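Each chain is listed here by its residues.
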Amino acid sequence: MKTLRQQNRVIISYVPRVEPAPPDHASKVDGYRDVWRLRGKYVAFVLMGEHFRRSPTFTTPDAAQRWATQMRQEDEIEE
């Protein structure tokens, strides 16, 4: 039986950045609620309380919107 590769590999999880607002140089993507275009990539900003949570960068706006939707469901935010 083969041994599993990288058994002791550390699992890295993404912790969303907290920001006061989306940056001024980001442009809102039409047709998506939480997606902004930032330096050629797509980023989601979700308002949680008084601050925005920023997603990692995505290559498609659909992926960024899915991340935002998942964040809303996990934290049970009223829409």
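The present account deals with the structure reproduced in this document.

Quick notes on the overall build of the protein chain
In terms of helices and strands, the protein chain carries one helix and five strands. The buried share of the protein chain, reckoned over its 79 residues, is 34%. Taking the contacts inside the protein chain whose residues are at least 6 apart along the sequence as the reference set, 38% of them involve residues at least 24 apart. Put simply, the protein chain shows about 6,400 Å² of open surface, and 50% of that area lies on carbon and sulfur atoms.

Thoughts on the packing of aromatic side chains
According to the stated counting rule, one finds one aromatic pair in the structure shown. Centroid distance tryptophan 36 to phenylalanine 45: 6.3 Å. Interplanar angle 90°. Geometry classified as edge-to-face. As far as burial versus exposure is concerned, tryptophan 36 and phenylalanine 45 are alike and both buried.

Quick word on helix α1 (residues 61-75)
Under the 1.5 Å per step criterion, the end-to-end length of α1 is 21 Å for 15 residues, consistent within 8% with the ideal 21 Å. Of the residues making up α1, those classed as buried are Pro61, Ala63, Ala64, Gln65, Trp67, Ala68, Met71 and Arg72. Looking at the buried positions of α1, the neighbouring elements they touch are β3 (35-38), β4 (41-48) and β5 (51-54).

With respect to the side chain of glutamate 19
With respect to the helices and strands, glutamate 19 occurs in strand β1 (residues 17-19). Here glutamate 19 is in contact with Phe45, His51, Phe52 and Arg54, once residues within four sequence places are set aside.

Some remarks on the sheet that holds β4
Strand order in the open sheet formed by five strands is β1-β5-β4-β3-β2, with antiparallel pairing between adjacent strands. Edge positions in the open sheet fall to β1 and β2 (27-28), since each of these has one partner strand only. Examined bridge by bridge, β4 and β5 share four bridges and lie antiparallel to one another. Paired with leucine 47 across the two strands is phenylalanine 52, which belongs to β5. Relative to β4, α1 is tilted by about 20°, and along the sheet it contacts β3, β4 and β5.

Conventions we followed
Residues numbered from 1 in each chain as written. Predicted model: local features only at pLDDT ≥ 70, side-chain atom pairs only at ≥ 80, totals over all residues. Heavy atoms only, no water. Helix = DSSP H or I, 4+ residues; strand = E, 2+ residues; numbered from the N terminus. Buried < 20%, exposed > 50% of the residue type's maximum accessible area, 1.4 Å probe, protein only. Contact = heavy atoms within 4.5 Å. Areas by Shrake-Rupley, 256 points an atom, 1.4 Å probe, with all protein chains shown as cover. Phe/Tyr/Trp six-rings, centres within 6.5 Å; stacked < 30°, edge-to-face > 60°. Expected span 1.5 Å × (residues − 1). Pairing = 2+ DSSP bridges. Axes fitted to C-alpha atoms, helices over the stretch in contact; angles between N-to-C directions.

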